[in-house]
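Descriptive analysis of the structure
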Amino acid sequence: MLGKTLSRLMGHNPPVPAAPERSVAGAPPAGLVCMVSSAGRISLNILQRMVHAVSREDFIRFIQAPVLVGSAVHIGTLSAARGDSRSRDMNRTILFEPSEDTDHTASASESLKHAIYPLLKSEQATTAGNFFSIGRIDGNDFIMPDYAISKKHAIIEVKRGIYLLKDCGSTNGTLLNGNRLQTKPVAIHDRDVISFARYEFTFLLPSSLYDILIG
């Protein structure tokens, strides 16, 4: 039933299982993998349609993994790193200086449309199965091709069911609930707010994602 519903929502016939079960230990359903782009994103439009087509329980069982959902883009200026005159060289990270007016952010709805990242491994990823890397270049699980994002910006590790966030020495830093992370990994929880440079995300479990989408 769920497989047929997803096929209809996606407009084609991907190899979606009839039930949202894992095919092997630790692997996500095949249908969910088909919904994720090469950059690690999943379509907001499909998720919005899905919550109105399946039950809450089926949605939670199918998604399984937490997601990072774009909640805001902070306004500020981009400037070349000290001693670097090439301000638009994608081989170098650009310094982001946030606006003094902290209320200046892009609308959540606009950033949300383009930034939903489920914690699934990318086929192109080079990190181990229990690590999810965030960065601006290929090889990361979540690719954010932005000058303010470092090549390898941060990592989320899954350890005994706990999600740990660590900054990888990024130029513009990683914040958890407004506090800049140091080198030590920090546990993250449902509805925590995470910022990578100028991009702000909310960490959501599948149940919270459903509640937000259905509302």
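Here goes a summary of the coordinates provided. (Residues numbered from 1 in each chain as written. Predicted model: local features only at pLDDT ≥ 70, side-chain atom pairs only at ≥ 80, totals over all residues. Heavy atoms only, no water.)

Counted by the stated rule, this structure contains three salt bridges. Ionic pairing is found between Arg 61 and Asp 58, a salt bridge with its closest N-O pair at 2.3 Å. Of this pair, Arg 61 and Asp 58 both sit in helix H4 (residues 56–63), three residues apart, roughly one helical turn. Accessibility expressed as a relative area gives 22% for Asp 58, which makes it partly exposed. (Salt bridge = Lys/Arg side-chain N within 4 Å of Asp/Glu carboxyl O. Helix = DSSP H or I, 4+ residues; strand = E, 2+ residues; numbered from the N terminus. Buried < 20%, exposed > 50% of the residue type's maximum accessible area, 1.4 Å probe, protein only.)

Another aspect to go through is the packing of helix H3 (residues 44–51) against H4. It is the contact of H3 with H4, at a shortest axis distance of 10 Å, that shows an interaxial angle of 145°. Residue-level contacts link Leu 47, Met 50 and Val 51 of H3 to Phe 59, Phe 62 and Ile 63 of H4. Looking at the contact of H3 with H4 residue by residue, the class counts come to six nonpolar, no polar and no charged. (Axes fitted to C-alpha atoms, helices over the stretch in contact; angles between N-to-C directions. Contact = heavy atoms within 4.5 Å. Nonpolar A, V, L, I, M, F, W, Y, C, P; charged D, E, K, R; others polar.)

Turning to its location among the elements, Ser 55 is positioned in the loop between H3 and H4. Ser 55 sits in the partly exposed class, given a relative accessible area of 32%. Once the C-alpha coordinates of Ser 55 and Tyr 210 are considered, the two residues, 155 residues apart in sequence, prove to be 9.8 Å apart.

Between H4 and helix H6 (residues 206–214), whose axes approach to 9 Å, the crossing angle comes to 130°. As judged from the angle between their axes, H4 and H6 are oblique. Handedness of the crossing formed by H4 with H6: right-handed. Of H6, the residues touching H4 (which contributes Arg 56, Phe 59, Ile 60 and Ile 63) are Pro 206, Ser 207, Leu 209, Tyr 210, Asp 211 and Leu 213. (Parallel < 35°, antiparallel > 145°, perpendicular 65-115°, else oblique. Left-handed = near helix turned anticlockwise from the far one by under 90°.)

Once that is clear, we can look at the sheet that holds strand S7 (residues 154–159). The strand order S6-S5-S7-S8-S11 describes an open sheet built from five strands, whose pairing is mixed. In this open sheet, the two strands that pair with only one neighbour each are strand S6 (142–143) and strand S11 (186–188). As judged from the four bridges shared by strand S5 (residues 131–135) and S7, these two strands associate in the antiparallel manner. Pairing of Ser 133 across the sheet is with Ile 155, part of S7. (Pairing = 2+ DSSP bridges.)

Along the polypeptide, Leu 181 turns up in the loop between strand S10 (179–180) and S11. Residues Leu 181 and Leu 165 lie 16 residues apart in sequence; the distance between their C-alpha atoms is 8.6 Å. What Leu 181 contacts, discounting residues up to four positions off in sequence, is Leu 165, Lys 166, Asp 167, Thr 174, Leu 176 and Val 186.

Evaluation of the coordinates by the stated rule reveals six aromatic pairs. Judged by centre distance (5.4 Å) and plane angle (55°), the rings of Tyr 117 and Phe 142 are tilted. Taken as a pair, Tyr 117 in strand S4 (residues 116–118) and Phe 142 in strand S6 lie far apart in primary sequence, 25 residues in all. For the pair shown, Tyr 117 and Phe 142 are each scored as buried. Residues Phe 196 and Phe 201 carry aromatic rings whose centres are separated by 5.8 Å and whose planes lie at 55° to one another, so their mutual orientation is tilted. (Phe/Tyr/Trp six-rings, centres within 6.5 Å; stacked < 30°, edge-to-face > 60°.)

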